[in-house]
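# Chain and residue survey
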Amino acid sequence: MLYGSRRRDRFECSEVIDVSCRPLPVNTLHQDGTGRFPVTRLFVMEDWSDCLDVAVQIARRAGQVVQSAVKQEKQVSSKSTPTDLVTEADHQVEELIISTLRDKYPSHRFIGEESSAAGVKCELTDAPTWIIDPIDGTCNFVHRYRNHHILCLNHRVNMFLSSQHTILHFQFPHGGGEHRICCKERDVSKALILTEIGAKRDPATLDIFLGNMKKLLSAPTHGVRIIGSSTLALCHIASGAAEAYYQYGLHCWDIAAAAVIIREAGGCVMDTTGGPLDLMSRRVVAAGTREIADYVVKQLQPINYGRDDTDPDGLA
Ligand SMILES: O=P(O)(O)O[C@H]1[C@H](O)[C@@H](O)[C@H](O)[C@H](O)[C@@H]1O
Ligand SMILES: [Mg+2]
Ligand SMILES: [Mg+2]
């Protein structure tokens, strides 16, 4: 069972410990003076084991909803930009998950992709919080493209829950189970790098996006791939299928669950500046090794998408 705990709105965890889900003594974490709690040891203060069981059941039920919806005709609309798609299945799955969890855990809070798009504030507090992307890779889902879409459900204690790849029955089991291991490649010329385009398509953004890709292709690296799902791509870092991932424009619900998996698999997840990951910053670099992560960070020119917690439309 994998737990991470966060005392403030920064997900800064340098060590995730396996716990036996027994209540541990409450431990005060020392503030480092920067207002951020450097969570170097993680202490579980209550037993979350039933959350995992409940959430795995919901993930499976939601996966069945998506699996049957992928074959149906879809009503497709767009959100922040014409390429930021959403379907009734996205709404249906998010509603199923939140209503079930809210009944079970009335004190818990929720951050959902489609609730956020409808204007619900994206706010991380000290309350246990579920961070939900009902369908990550909605564009692939709409096009029935090689089935690259994934449901991700993450619990603020950052217990990674079953993130079910609904069509290929490709499951990343919750935190425990067989451990995946990130690639330990340190030579960027032997790296396969993944990224995503993000929702902005204006010429200036595309110039920076393509410039970043050109720099990484000419390193040279083995290649750069875009599969259409941030979360699935991040999970491929954990499974060792690729060496690094970078993106500007994804959201906290794309990152939260996968970041836990990658760390558990021995990889690193950070901000695009090389600093600690800021879950709400809409940007990330992840890699199997620090050397490759640092190389990627040095090549990137930033694209500003604002923040999940301060820019409701998500396009600064
Ligand atoms: O909207 P969903 O949940 O499909 O998430 C995708 C974003 O829409 C893309 O902009 C982004 O580039 C990624 O593809 C991300 O997975
Ligand atoms: Mg989504
Ligand atoms: Mg998504």
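We now turn to the structure provided with this report. Model, not experiment: these values are computed from the prediction.

## Focus: the packing of aromatic side chains
Enumeration according to the criterion identifies 1 aromatic pair in this entry. Ring centres 6.2 Å apart and planes at 20° place the aromatic pair Tyr-105 and Trp-130 in the stacked group. Here Tyr-105 is found in the loop between helix 2 (88-104) and strand 3 (109-112), whereas its partner Trp-130 is found in strand 4 (residues 129-136), with 25 residues between them in sequence. Side by side, Tyr-105 and Trp-130 carry an identical accessibility label, which is buried. When the ring centre of Phe-141 is taken as origin, the NZ or CZ atom of Lys-74, which lies over that ring, is 5.0 Å away. Here Lys-200 stacks its cationic end above the ring of Tyr-305, 4.8 Å away from the centre of that ring.

## Description of the coordination of the magnesium ion (ligand 2)
Octahedral metals with six donors have ideal donor angles of 90 or 180 degrees. Tetrahedral metals with four donors have an ideal donor angle of 109.5 degrees. Within the protein, the atoms that donate to the magnesium ion (ligand 2) are Glu-113 (OE), Asp-133 (OD) and Ile-135 (O), at distances of 2.0 to 2.2 Å. Written as a sequence motif, the donor arrangement for the magnesium ion (ligand 2) is E-x19-D-x1-I. Distance-wise, the magnesium ion (ligand 3) is placed 3.6 Å from the magnesium ion (ligand 2), both being coordinated by Asp-133.

## Concerning helix 1 (residues 49-69)
With 21 residues, helix 1 extends 31 Å between its outermost C-alpha atoms, agreeing within 8% with the 30 Å of an ideal straight helix rising 1.5 Å per residue. Listing the buried residues of helix 1 in full gives Cys-51, Leu-52, Val-54, Ala-55, Val-56, Ile-58, Ala-59, Ala-62, Gly-63, Val-66 and Ala-69.

## Describing the coordination of the magnesium ion (ligand 3)
The magnesium ion (ligand 3) binds to the protein through Asp-133 (OD), Asp-136 (OD) and Asp-254 (OD); the donor distances cover 2.0 to 2.1 Å. Spacing between the donor residues of the magnesium ion (ligand 3) along their common chain follows D-x2-D-x117-D.

## Observations regarding the site of ligand 1
In the vicinity of ligand 1 there are 15 residues, among which Glu-113, Asp-136, Gly-137, Thr-138 and Ser-230 approach most closely. In the environment of ligand 1, an oxygen atom lies 3.0 Å from a nitrogen or oxygen atom belonging to the side chain of Asp-133. At 3.1 Å, a side-chain N or O of Gln-247 approaches an oxygen atom of ligand 1. The pocket occupied by ligand 1, as judged from atoms lying within 2 Å of grid points, is the largest pocket. In terms of residue count, the dominant contributor to the shell around ligand 1 is strand 4 (3 residues).

## Re the side chain of His-251
Relative to the helices and strands, His-251 is located in the loop between strand 10 (244-248) and helix 7 (252-264). Polar contacts involving the side chain of His-251 include one to the side chain of Asp-308, which spans 2.6 Å. If we skip the residues at most four places from it in the chain, His-251 touches Arg-282 and Asp-308.

## Some remarks on helix 2
In this model, helix 2 (17 residues) spans 24 Å end to end at C-alpha, consistent with the 24 Å of a helix rising 1.5 Å per residue. Every buried residue belonging to helix 2 is among Ala-89, Asp-90, Val-93, Glu-94, Leu-96, Ile-97, Ile-98 and Leu-101, and all of these are buried. Where helix 2 begins, one side-chain oxygen reaches toward the backbone nitrogen of Ala-89, 3.1 Å away; that side chain belongs to Thr-87.

## Concerning the nonpolar core
With 31 residues, the main nonpolar core has Tyr-245, Cys-252, Ile-262 and Leu-279 as its most contacted residues. Contributing elements (two or more residues each) for this core: helix 6 (230-238), helix 7 and strand 12 (283-287). No other element matches helix 7, which puts 8 residues into this core. Dropping the residues within four chain positions of it, Tyr-245 is found in contact with Leu-194, Thr-195, Glu-196, Ser-230, Ala-233, Leu-234, Ile-237, Leu-250, Val-284, Val-285 and Ala-286. Membership of the second largest hydrophobic core comes to 21 residues, among which are Tyr-246, Cys-268, Val-296 and Ile-303.

Calculation rules
For every chain, the first residue of the written sequence is number 1, and numbering continues from 1 onward in sequence order. Note on labels: chains are lettered from A, ligands numbered from 1, in written order. Totals for whole chains, interfaces and linings use every residue, but because this is a predicted model, local features are given only for residues with pLDDT of at least 70 and side-chain atom pairs only at 80 or more, for both listing and counting. Water and hydrogen atoms play no part in the side-chain values, which are based on all heavy atoms of the structure. Pairing of aromatic side chains here covers Phe, Tyr and the six-membered ring of Trp, requires ring centres within 6.5 Å, and sorts the geometry by plane angle: under 30 degrees stacked, over 60 edge-to-face, intermediate tilted. Secondary structure elements follow DSSP: runs of H or I of four or more residues count as helices, runs of E of two or more count as strands, with numbering from the N terminus. Relative accessibility decides the category of a residue: with a 1.4 Å probe and only protein chains considered, values under 20% of the type maximum give buried, values over 50% give exposed, and everything between is partly exposed. As a reminder, the over-ring test applies to NZ of lysine and CZ of arginine, requiring each to be within 6 Å of the ring centre and within 35 degrees of the ring normal. In this analysis a donor is any N, O or S atom within 2.8 Å of a metal ion (3.2 Å for sodium, potassium and calcium), and since water is not included, sites may seem incomplete. What a helix should span is 1.5 Å times the count of its residues minus one. By convention in this text, a residue qualifies as near a molecule or strand provided that one of its non-hydrogen atoms is within 4 Å of it. Any pair of N or O atoms that falls within 3.5 Å is considered a polar contact. Within protein, one atom must be able to donate a hydrogen and the other to accept it, and sequence-neighbouring residues count only if both atoms are side-chain atoms. Lining residues are those with an atom within 4 Å of a point, where the points come from a 1 Å grid over the protein atoms alone and group into cavities, where a 1.4 Å probe fits but cannot get out, or pockets, open sets with protein on both sides within 12 Å along at least five of seven lines. Assignment of a molecule to a cavity or pocket requires that more than half of its atoms lie within 2 Å of the corresponding grid points. Note on contacts: a residue pair is in contact if any heavy atoms of the two residues lie within 4.5 Å. By nonpolar core is meant a set of buried Ala, Val, Leu, Ile, Met, Phe, Trp, Tyr and Cys residues that side-chain atoms within 4.5 Å join together.

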